[in-house]
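# Structural overview for review
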Amino acid sequence: MDYVLNLWVRLATDVYQLFLGWGLPEWGAKLIIDFIIILILVILGVLAVIVLTPMERKVIARMQDRPGPNRAWPYGLSQAFADAIKMLTKEMILPRHADRLIYTAAPILIVIPALMIYAVLPFGPQAADAELKLGATNLNVGVLYFVALGSVASIAILMAGWGSNNKFALLGAFRVVNQLLAYEVPMILSLLAVVVLTGTMATQRIVEVQSIPYLIVMPIAALTFLASAMAELNRSPFDLLEAESELVAGYQVEYGGMKFAMFYIAEYVNILSTSILFSALFLGGYKFFGLEKVAPVLAPFIVLGKAVSVFFFMLWIRGTFPRIRLDQLVGLAWKFLVPLSLVNLVLAALVVKLSANNWVQAGLLLLGNLITVAVTFLIMSLVERRAKSGGSVVMSEAQNLTPAAER
Amino acid sequence: MSVQHVVFIILSAIALIGALGVVLNRRLFRSALFLVVSFVGVAGFYILLEAELLAMIQLLVYVGAIAILIIFAIMLSRQAMAADDKVLNEQWVLGGLAAVVLCAFLIYILTRVNWPVVEAAVPANSIQRLGESLVNPNGFVLPFEVASVLLLVALVGAVIIAREK
């Protein structure tokens, strides 16, 4: 029974012992185990495309009151396989006068950091009697690692835009990078609030310390992170670069076949990793009412379940909100999310200084968050009233300040 | 030769190939990309030296921000799709001379200084110790605050320059 409950860790330990039994040196056995774990994580990332795309299509279709894909067996759920086969059989095209090296390297470079992020995601508790844990590594700079690798993607996007030798692709790349840079700031600030509260950047440790999910304790940080993550992922309502109903596909316009599929894969790999990180930082990760202590075997499924819930929430937003304009997009980041997350960061630092008790901290933070939200709404309604009673300058300010969804 | 030696040689090769690519490439955009390769190699050195924080900051700041800034500057100041540039211009003698002198100077310094070696292992909580020494009155709080004020001034200056009149 104990073996079944701790299946993953026990299995890994047994395989490790088996390798040692074959006469492998200790580092060799560890290397092979690590390699297997990495392989599983990479496959998990790529599986995200196959599982999440049909889910997205079906859910969005249901929200828009239409059947969605329903030809590919069963119920259109294997649509992703059909797409993959179509992509693989397409011709590899190189645009005329395009920079071959950069054009080809860009789709590869965008997938690599996306998959590397899985190294720091926590999938389960550390077993008491074993050195092994679920997840590849427990870097003590895990959160920073996530942010740093996310920023590498903008280089790949610029390469794709420039390498295609197409003005529209280049302009599309500029727009995306503008968006990525703008939303990196509120994202880092909201992550910083969590880091200040927990006193660590290791994702595994953040989950361990989290007795109450931080979504309840720090709703501002959680929602700021979610909003900026959705902007980083180019999810609707921030999907200005794709805007499939209005524009060509931005920086991907010259890509087709498997090279285009690489961008697609990177997008969904990033969605899953961001959802897992969100569930680790704000939803308690692998914790589920003590279930993870009784049966650590279920921990990865708890994490994935929470991640899919986060993804469902994103779809919900996509099905509900209209797309926002580019100036609103950048204005929302700099004029709304950044000040809000700065206030939240100061609040978190103050609370940590005031009390060391978990419950007192949680109460104070919740109180502070509620006050901040109330003050924000007060300021916004004041600005709006001023705008209504005249004053054209304030008017445009207010339009930029208020997120599109609330107008 | 230990594993660290092999890794060091590979990382050095990456950093040096990147650096050579920057100067020898005929397309400015490709040079900028080779600069990224060089930055990644340096980040690898930091990981080899067990300074994960510095490695991540290197990636975040140099690859994620400075390289992007350089690429934007190249694309905004020149015709982005322009044909190839020349590798050398008329100042190559002076530039080469300066490079050789700097290189000789650095080699002289590196071979002369008696580098102290600490036998102790790298502490596990090096990030915490770094953070504490940055805000410790006996540590680096003064330079840290001066740098913060400098950055703030730069930020305000940038806003003022960019503001529409």
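These numbers were taken from a predicted model, which means no experiment stands behind them. (Residues numbered from 1 in each chain as written. Chains lettered and ligands numbered in written order. Predicted model: local features only at pLDDT ≥ 70, side-chain atom pairs only at ≥ 80, totals over all residues. Heavy atoms only, no water.)

Here we take up helix α5 (residues 100–116) of chain A. Here α5 of chain A contains 17 residues, and its C-alpha end-to-end distance of 25 Å stays within 8% of the 24 Å for a straight helix at 1.5 Å per residue. Where α5 of chain A bends most, the angle comes to about 30°, and this point is A106 of chain A, followed within four residues by the proline P107 of chain A. Lining the buried residues of α5 of chain A we find α3 (26–63), α6 (142–163) and α11 (257–282) of chain A together with α2 (28–48) of chain B. (Helix = DSSP H or I, 4+ residues; strand = E, 2+ residues; numbered from the N terminus. Expected span 1.5 Å × (residues − 1). Bend = angle between axes of the 7 residues up to and from the residue. Contact = heavy atoms within 4.5 Å.)

The partner chain B presents 23 residues to the 28 residues of chain A that form the contact. Carbon and sulfur atoms supply 80% of the area buried between chain A and chain B, which totals about 2,300 Å² over both sides. When residues of chain A are sorted by the area they lose upon contact with chain B, I155, W162 and F174 of chain A head the list and together hold 26% of the total. At the junction of chain A and chain B, the tally comes to two salt bridges. As a salt-bridge pair, R27 of chain B and D99 of chain A come within 2.8 Å of each other at their nearest N and O atoms. Across the chain A-chain B interface, the total number found is two residue pairs in polar contact (both at pLDDT 80 or more). Mapped onto the side of chain A that touches chain B, the elements with two or more residues apiece are α5, α6 and α7 (167–198) of chain A. The element best represented in the side of chain A that touches chain B is α6 of chain A, accounting for 12 residues. For the side of chain A that touches chain B, the class distribution of residues is 20 nonpolar, six polar and two charged. (Buried area = accessible area lost by both parts, 1.4 Å probe. Salt bridge = Lys/Arg side-chain N within 4 Å of Asp/Glu carboxyl O. Polar contact = N/O pair within 3.5 Å; in protein donor to acceptor, adjacent residues only side chain to side chain. Nonpolar A, V, L, I, M, F, W, Y, C, P; charged D, E, K, R; others polar.)

Looking now at a nonpolar patch on the surface. All names here are of chain A. Judged by side-chain polarity, Y3, V4, W8, L11, F288, F289, L291, L298 and F301 come together as a nonpolar surface patch covering roughly 890 Å² of accessible area. Mapped by element, the contributors of at least two residues to the nonpolar patch are α1 (2–5) and α2 (7–21). Examined against the element boundaries, V4 turns out to sit in helix α1. (Patch = residues over 30% accessible without salt bridge, like charges linked within 9 Å, V, L, I, M, F, W, Y side chains within 5 Å. Areas by Shrake-Rupley, 256 points an atom, 1.4 Å probe, with all protein chains shown as cover.)

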